[in-house]
Amino acid sequence: MSPAIHPTDPEAPGLAPTPGEVFVGRAAESERLLAGAGEARAGRAWLAVIEGEAGIGKSALARRLTSSLPDFTVLWATGDVSETELPGGVVGQLTRRVDRALADRFPLLGPDAATGASPHAVGGQLLLLLGALQESTGPVALVVDDFHWADPFSVQVLGFVLRRLWADRVLTVLVTRSEEERTTESLHRLVRSTDRAARIEVGGLAEDDVARLADSLLDTPAAPGLVERLYSYTKGHPLYVRTVLAEVPIQTLGAEAAARWPVPRSLRVGISDLMERLPAESVALLEALAVLDARLPLATVAQVGALPDPARALKPALAAGLAQWWPAEAESTVALVHALQRDAVYEAIGPERRRTLHAAAAGVVGTAASWAHRVAAAGAADAGLAAELEQSGGAEAVLGRIALAATGLLEASALSDRSEDRERRLLTACAQSLLTMQPATAMRLRPQVEDCAPSTLRGCVLGVMDLLEGRFADAEARLSESWQAALADPESGWVAVLAGTFLAVITIRQCRGARTVDIATRTLAIGDLDPATTDFTRAVLATGRMWDKGPRAALEDVAHLPRLAADSANHQLETLATRGVMSLFVGDLPAARADLATVARRDQQGAGSKLSHLSLSLWSVTEYLSGDWNAAESAADRALAIAASQDHVLGDAAAGFAAVCVQAGRGLWDAAEAQLTALTEITRMLGDPPAEAVYLALAGALLAQARADHAAMLVALEPMVDRHAEDGGIDPDAALRLRYQPFRLWQRSLLVEALIGTGQVEAATRSLRELEEEDCDHGGYSRLVEARLNGLLAEAQGRPEEALAAYREVLDGGAGAGSGAAGIRAGAGAAGSNAAGSQSGAGSGAGAASAGAAGSRSEAGSGAAAGIRARAGAAEDPVFFRALLEHGYGRLLVATGSKARREASAWFRSAHDRFAALRAAPFLERCEADLAAIGLSAPAQTGGPLHALTERELSVAYLIADGRTNQQAAAELYVTPKTVEYHLSNIYSKLGITSRRHLTALVRA
């Protein structure tokens, strides 16, 4: 059995040219498409967007392309206006005819793929399927016709997939109407996301092509005068040309009669005139096809149209160019040729006839499709049908198909015979639509919502609409009132949950932690919440507690979770993600890594965490702090791809910040600055909310830190500092107070470094004291941060011996800063007069040894040999921050002359090796400059053999060396196995190896 569909497969609707279809012209467009296919065939994935007005020949061009690609496996889908609310409908079409044995390997691509799973998780499995198809059959073409009617979920899936196709033999063709605003922005983002894309605008045919088309459709050659006039009046529009030639009697098409030729006023008028000359049974057939609006067996269409002899009725419809027929198929299927023709036929059907046809259609189609026909057949209010629709909508909501539930409830509202039922169903439909976070349908209904009688649900829906439109004060007022009223009504529990959830969004956004805790606590007290809602509300409660009391207190709110992340259930992923974030904030990196990695992995498997995007971003940050910059870069890359495929920017700041961490550390200035610009725009767009403000400030500070620009660090961190006293004046101790809880340790340590580097020693001393008093894991990496900053402070105070002691306490594996730190702070006042004189040394030290949020332990004694032992003993320490410590210590040894040059050089070389392994170019350059200053050169071999690999190659290399198969590595990286194979080939070539065993040995070395 073939694993997929090829252009010649008669069972593949849309792939092969329509029977009797005539294709002329389009040479330039075809050439561009074939060139793109050539790129894809060579392993360079390519995207083509075919645009043009309705009926201009876009689909025919796509069919022509696929028919000329015999070596491609073609997956074809067609958007449908009736399925725009069916999540995953287009993705389901693309994979429906793939061999079941192959498709079953990817469960998220099954019939209920969109229920629960995130778009990027489904996209990840689509990538694996594309890889399998490339492996078994060769290049693949993904074609989506009428992309403007694709459901939003599928659009997000495809957007994610297109951004992850790197070294793949995949051609993607999206066919859309150029005037459709519905997908304009999505297409713009897709085309901008790759340099291997083309937008192909399809216009009218040239006059010569119109002549060829006319010659093909007529029994005799068209007269030149007729062609000229035909081109003038139709502007080369193929469907217009076909309609005119079918409408005008053949005897009038001679050259002499050209002047008397009646051109129709419009295409629809022309089709109407054409149908008037058809037999009644042919008209009935076309009307049935228009109502069914699908390709179906001729016998089924005949049943709907009550036709005793459908074959006789079909012949004139085919001759008129309005119907198409697939006689080679077992069921002898038929359909209308084009959507424009369908619209014209449908609009010409009278009301009573239309109702009769829809009622008949409801009896021959599936259950899901029958609802629309039953609604259309109802000529007036139908309480019974409305109740059935409401019940069906409730069932869809339970299954997680919220968009379908909303559609059913809207239809039920329209059929309700009592105003209270109509309004309740309308409001419930809007509430369901708003829950999808793609609320365009509900927002269009605002005038109708406002016309409803005052109620708790009405206030809640309007409040959510206010929130989504940026009217936060109005939103909070309405949601608060609705929430309070719903809490007092036992029958309105779900309204209280809805109002409370969106109200908490507002209070968290405004840093009102105590209010958020109150809302979440009282919402949980409602009881009878499903497990997923309970878990999400608990996560909201813990987040509110963090903003109010700090992350340590928030950890108490998620204490119900199993100790091991792997033991958590899928319905606990929101609180597990929250626990991971809070662990990160208090400095417990191993715990943060375990929780956040588990959430990301479960989401990839289809569990569908609402916080998956944030989890992946902050997992990247955790890996950065822990010293695995390659893992951090890989996770940030995936987080950015997910962000780019979404229709909103909520959560994008975390992904951008994660990317900046490694980009700044490696001196990728253009990339880091581009992300910083995007972060600035996102923060401005959202009204400077605290979370985004923290990410922006830290990103700016890290970029300045990598450039050793302490003044710029201070500017970046300024929004984090509250300089106002309670009476509204300026507090001289303002540097001690930070506005926000997230990453408080990191904020504080960067602030201390910036203050030291700019000579503000008194303020730095006070801020360092605040850091040491933070409620965090002082036994973890914060102990190392504090010791390092104490050393920098002592240098700035002109107390070099105490600075050496502070460094040595860490490098020798001591218990902590202890009395040395206290002594440094105590000596701050006495050292004030020396601060200015030592500032240049402190500035250099701060630029090279700052850090921000972590440090490391080691077993190091004195002398060069001890330094080498320290390098071996610190294998599990955060590499970057240990390198900063070693560099700073070596620099201070040289400055004080207290140790032999050999020992200082050993610390420099150790730091140099660590920076080189991380590719931390700015810090590496400063280390090399210090080596050169004492007459030594940098080590000839830097970073080991893996240094020649790119970031993406490193991501693949580490996963393969860790025992992953190509398939497993592809799944983890959200790419195709073909991409892994491509990178692996480059890795082998660069490293001069031939096997995974050799690669594993190099990585472990």
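Quick notes on the rules
- Residues numbered from 1 in each chain as written.
- Predicted model: local features only at pLDDT ≥ 70, side-chain atom pairs only at ≥ 80, totals over all residues.
- Heavy atoms only, no water.
- Helix = DSSP H or I, 4+ residues; strand = E, 2+ residues; numbered from the N terminus.
- Buried < 20%, exposed > 50% of the residue type's maximum accessible area, 1.4 Å probe, protein only.
- Contact = heavy atoms within 4.5 Å.
- Phe/Tyr/Trp six-rings, centres within 6.5 Å; stacked < 30°, edge-to-face > 60°.
- Salt bridge = Lys/Arg side-chain N within 4 Å of Asp/Glu carboxyl O.
- Axes fitted to C-alpha atoms, helices over the stretch in contact; angles between N-to-C directions.
- Nonpolar A, V, L, I, M, F, W, Y, C, P; charged D, E, K, R; others polar.
- Pairing = 2+ DSSP bridges.
- Expected span 1.5 Å × (residues − 1).

The name given to the chain in an unreviewed UniProt entry is LuxR family transcriptional regulator, and the organism recorded there is Catenulispora yoronensis.

Q: Just give me the short version of the overall build of the chain, but keep the residues and values in it.
A: For the chain, the count of helices and strands is 50 helices and 8 strands. Taken over 1005 residues, the chain has a buried fraction of 56%. For the chain, restricting intrachain contacts to residue pairs at least 6 apart in sequence, the fraction spanning at least 24 positions comes to 69%.

Q: Hey, could you go over the packing of aromatic side chains for me, with residue numbers and the actual values?
A: Scanning the model with the defined rule gives 18 aromatic pairs in all. Plain terms: the ring middles of Y624 and W746 are 6.0 Å apart, the flat faces sit at 25° to each other, and that makes the pair stacked. Pair noted here: Y624 is in helix α31 (residues 612-626) and W746 is in helix α37 (residues 744-757), with a separation of 122 residues, a long-range link. Accessibility expressed as a relative area gives 2% for W746, which makes it buried. Here Y695 and F743 contribute two aromatic rings whose centre-to-centre distance is 6.5 Å and whose plane-to-plane angle is 65°, an arrangement assigned as edge-to-face.

Q: Explain the pattern of salt bridges to me, and be specific about the residues and the numbers.
A: Across all of its chains, the model carries 44 salt bridges by this definition. With its nearest N and O atoms 2.5 Å apart, the salt bridge here joins R471 to E469. A salt bridge links R579 to D595; its shortest N-O distance comes to 2.7 Å. Residue R579 is found in helix α29 (residues 573-586), and its partner D595 is found in helix α30 (residues 589-604); the two are separated by 16 residues along the sequence. Exposure remark for D595: the relative accessible area of 3% places this residue in the buried category. Residues joined by salt bridges that share partners form a network here, namely E390, R418, E420, D421, R424 and R425.

Q: Please set out the packing of helix α3 (residues 89-96) against helix α6 (residues 152-164) residue by residue, giving values where relevant.
A: As a packed pair, α3 and α6 sit with axes 6 Å apart at the nearest point and diverge in direction by 60°. Taken together, the residues of α6 that come into contact with α3 (itself represented by G89, V90, V91 and L94) are S154, V157 and L158. Taken together, the residues that form the contact of α3 with α6 break down as 5 nonpolar, 2 polar and no charged.

Q: Requested: an account of the pairing of strand β5 (residues 197-201), with residues and values cited.
A: Every second residue of β5 is oriented toward a common face, the buried set being A198 and I200 and the non-buried set A197, R199 and E201. Two elements, strand β1 (residues 46-52) and β5, share 5 bridges in a ladder whose sense is parallel. Note that in β5 the partner of E51 across the bridge is E201.

Q: If you had to explain the sheet that holds strand β8 (residues 333-336) to someone new, which residues and values would you point to?
A: The 3 strands lie next to each other as β6-β8-β7, forming an open sheet whose pairing is antiparallel. Two strands close off the open sheet at either side, each with one partner strand: β6 (296-297) and β7 (323-326). As paired elements, β7 and β8 share 4 bridges and run antiparallel to each other. Within β8, the position partnered with W325 by the bridge is V334. Helix-sheet contacts for helix α14 (residues 310-319) involve β7 and β8, and the interaxial angle to β7 is about 120°.

Q: A description of α37 should follow, citing residues and the corresponding values.
A: Given a rise of 1.5 Å per residue, 14 residues ought to cover 20 Å, and the 20 Å separating the end C-alpha atoms of α37 matches this to within 8%. In the segment just after α37, G759 is the residue with positive phi, at about 80°.

Q: Just give me the short version of the sheet that holds β5, but keep the residues and values in it.
A: Read from one edge to the other, the open sheet built from 5 strands follows the order β2-β3-β4-β1-β5, with strand pairing classed as parallel. Across the chains shown, the open sheet's two edge strands, defined by having one partner strand only, are β2 (73-78) and β5. If you compare each strand with its neighbour and ignore which way they point, the axes differ by 15° on average. Along the sheet, helix α2 (residues 58-67) makes contact with β1, β2, β3 (140-145) and β4 (170-177), crossing β4 at roughly 165°. The sheet strands contacting α3 are β2 and β3, and the helix crosses β2 at an angle near 150°.

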